[in-house]
Amino acid sequence: MGKTALITGVTGQDGSFLAEFLLEKGYDVHGTIRRSSVDFRERIAHLEGKPNFHLHYSDMTDSMSLVALIGRVRPDEIYNLAAQSHVQVSFDSPEYTADVDAVGVLRVLEAVRQCGLESTCRIYQASTSELYGKVEEVPQNENTPFHPYSPYAVAKQYGFWIVKEYREAYNMFCCSGILFNHESERRGETFVTRKITLAASRIRHGKQDKLYLGNLSSLRDWGYARDYVECMWMILQHEKPEDFVIATGEQHSVREFCQLAFHYVGIELEWQGEGADEKGIDKATGRVLVEVSPDFYRPTDVVNLWGDPSKAKRVLGWNPQKTTFDQLVKIMVQHDMAKVAVENAGDAIRINLAEYLEKGIVK
Ligand code: NAP
Ligand code: F7E
């Protein structure tokens, strides 16, 4: 019999890639979704209807739903990916972020214990490079001290420690993957990379005039989400429960990401000015296409993330450079150029429809 996995947050970027990956491996995959007045299942629509793919309503703030679900599914592996994952939003909703991202982890661990699965069920916790926050060492590895620098990071730090506590106190197979930023064509549209690739595509198609960003000098270690979900699985197949840093080992600025994304839509940018006055200008036309808006500054910003994935490479045999930075930007831009082209076609049909309705041709 194949294994059974439960993914919390299956509708998210990572959840959708992980579900695909596990289904291909022959798993029976169960995923949690939230009730919403509009259904946001775009990332998993292609999986619905597959016999080994099952969806259940649940929420990380609702222990009863978690206990009932885990007791019913009795998973061999749980991937706890559900979270309020936006750092800037965590400054506006700190209490909710703590409930979901900190206490939510505890709820999953306790549900496993209450269902008597503590010796059979392996648990992966989606931890984050944001724990290093106001960094105390560059690059960061499994021994680098934490200095969380946002309500999101503080909540995730609780998640990290409670997983370690349950491992030590109850001998449970639970581990944290300390994942550095990973992006894709499915990335949420308000994270900086996707915001840039979508804006560059819209500007190229004449649908947007300008892109406003916050800190252009912020440094990140950006990988491809599809590669990172494989590592989540590898962590749970390892002979003993351990925590791992997952990163590419390469660092780039927001400005560099922007430069390359615009390059792939056919626009070469040059940068003028500094700080809040910095601008990205189209070399060919002299038009200002990128400006800084302090609206996107954070009360405390993490500006120097750079991961050292040596342990994952050595112990798990994971390849941190499967998709390069250049390839990642290209994948995202190609996707978004196509998306905007389809949106344009959709707009044309909608305009015609409105005209038809107005003229009484269609009733
Ligand atoms: P994402 O796209 O924002 O997906 C988050 C998922 O969590 C969605 O399915 C979302 O459901 C669900 N969720 C949010 N609040 C919930 C709640 N109260 N109850 C149940 N489900 C809830 O995030 P991601 O990029 O895939 O990241 C996956 C996990 O890895 C997160 O825990 C994130 O914090 C962590 N992480 C991400 C990165 C990264 O660079 N992507 C790096 C390190 C760690 P809806 O679709 O209904 O909103
Ligand atoms: O910001 C700067 C911003 O929102 C990256 C989550 O998946 O990765 C993600 O968190 C950097 C920051 O991601 C804009 O100030 C500039 O320094 O794309 P982001 P994040 O905060 O790194 C970690 C590992 C997670 O765990 C999280 O779940 O870019 N930045 N201008 C901007 N950021 C945004 N969002 N928007 C801007 O306009």
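Preceding this paragraph is the structure being described.
Procedures and definitions
- Residues numbered from 1 in each chain as written.
- Chains lettered and ligands numbered in written order.
- Predicted model: local features only at pLDDT ≥ 70, side-chain atom pairs only at ≥ 80, totals over all residues.
- Heavy atoms only, no water.
- Helix = DSSP H or I, 4+ residues; strand = E, 2+ residues; numbered from the N terminus.
- Rg over C-alpha atoms; globule rule 2.2 N^0.38 Å.
- Buried < 20%, exposed > 50% of the residue type's maximum accessible area, 1.4 Å probe, protein only.
- Contact = heavy atoms within 4.5 Å.
- Areas by Shrake-Rupley, 256 points an atom, 1.4 Å probe, with all protein chains shown as cover.
- Lys, Arg positive; Asp, Glu negative; His and termini not counted.
- Charge placed at Lys NZ, Arg CZ, Asp CG, Glu CD.
- Near = heavy atom within 4 Å.
- Polar contact = N/O pair within 3.5 Å; in protein donor to acceptor, adjacent residues only side chain to side chain.
- Expected span 1.5 Å × (residues − 1).

So, the overall build of the chain
Thinking step 1. What the chain contains, in helices and strands, is 10 helices and 15 strands.
Thinking step 2. Its C-alpha atoms give the chain a radius of gyration of 22 Å, near enough to 21 Å, the size a compact globule of 363 residues would have.
Thinking step 3. Each principal axis of the C-alpha distribution contributes one length, and for the chain these read about 65 × 60 × 35 Å.
Thinking step 4. In the chain, which comprises 363 residues, the share counted as buried stands at 50%.
Thinking step 5. When contacts within the chain are restricted to residue pairs at least 6 apart in sequence, long-range pairs at least 24 apart make up 75% of them.
Thinking step 6. Just so you have it, the chain exposes about 16,600 Å², and 51% of that area is on carbon and sulfur atoms.
Thinking step 7. Between the mean site of the 41 positive side-chain charges and the mean site of the 51 negative ones, the chain shows a separation of 4 Å.

Some details on the site of ligand 1
Thinking step 1. Every one of the 24 residues lining ligand 1 counts as a neighbour, but Thr-11, Arg-34, Leu-81, Ser-85 and Tyr-152 are closest to it.
Thinking step 2. Here a nitrogen atom of ligand 1 and a side-chain polar atom of Tyr-96 are 3.0 Å apart.
Thinking step 3. One of the side-chain N or O atoms of Lys-156 is found 2.8 Å from an oxygen atom in ligand 1.
Thinking step 4. Taking 900 Å² as the accessible area of ligand 1 by itself, protein coverage stands at 88%.
Thinking step 5. Of all the secondary-structure elements, those providing two or more residues to the shell around ligand 1 are α1 (13–24), α4 (94–114), β5 (122–128) and α5 (151–170).

Side note on helix α6 (residues 192–204)
Thinking step 1. With 13 residues, α6 ought to run about 18 Å at 1.5 Å a step, and its terminal C-alpha atoms sit 18 Å apart, in line with that.
Thinking step 2. Of all 13 residues that make up α6, 10 are buried, and the element is covered over most of its length.
Thinking step 3. Listed in full, the buried residues belonging to α6 are Thr-193, Arg-194, Lys-195, Ile-196, Thr-197, Leu-198, Ala-199, Ala-200, Ser-201 and Ile-203.
Thinking step 4. Here the buried face of α6 lies against β7 (182–183), β8 (211–213), α8 (254–264), β15 (288–292) and α10 (325–358).

A look at the site of ligand 2
Thinking step 1. With respect to spatial proximity, 22 residues lie near ligand 2, and among them Ser-85, Thr-128, Tyr-152, Ser-218 and Arg-298 are the closest.
Thinking step 2. At 2.7 Å from an oxygen atom of ligand 2 is found a side-chain nitrogen or oxygen belonging to Tyr-152.
Thinking step 3. At 2.8 Å from an oxygen atom of ligand 2 is found a main-chain nitrogen or oxygen belonging to Val-192.
Thinking step 4. Against a free-state accessible area of 700 Å², the protein chains account for coverage of 96% of ligand 2.

Just geometry here; none of it tells us what the structure is for.
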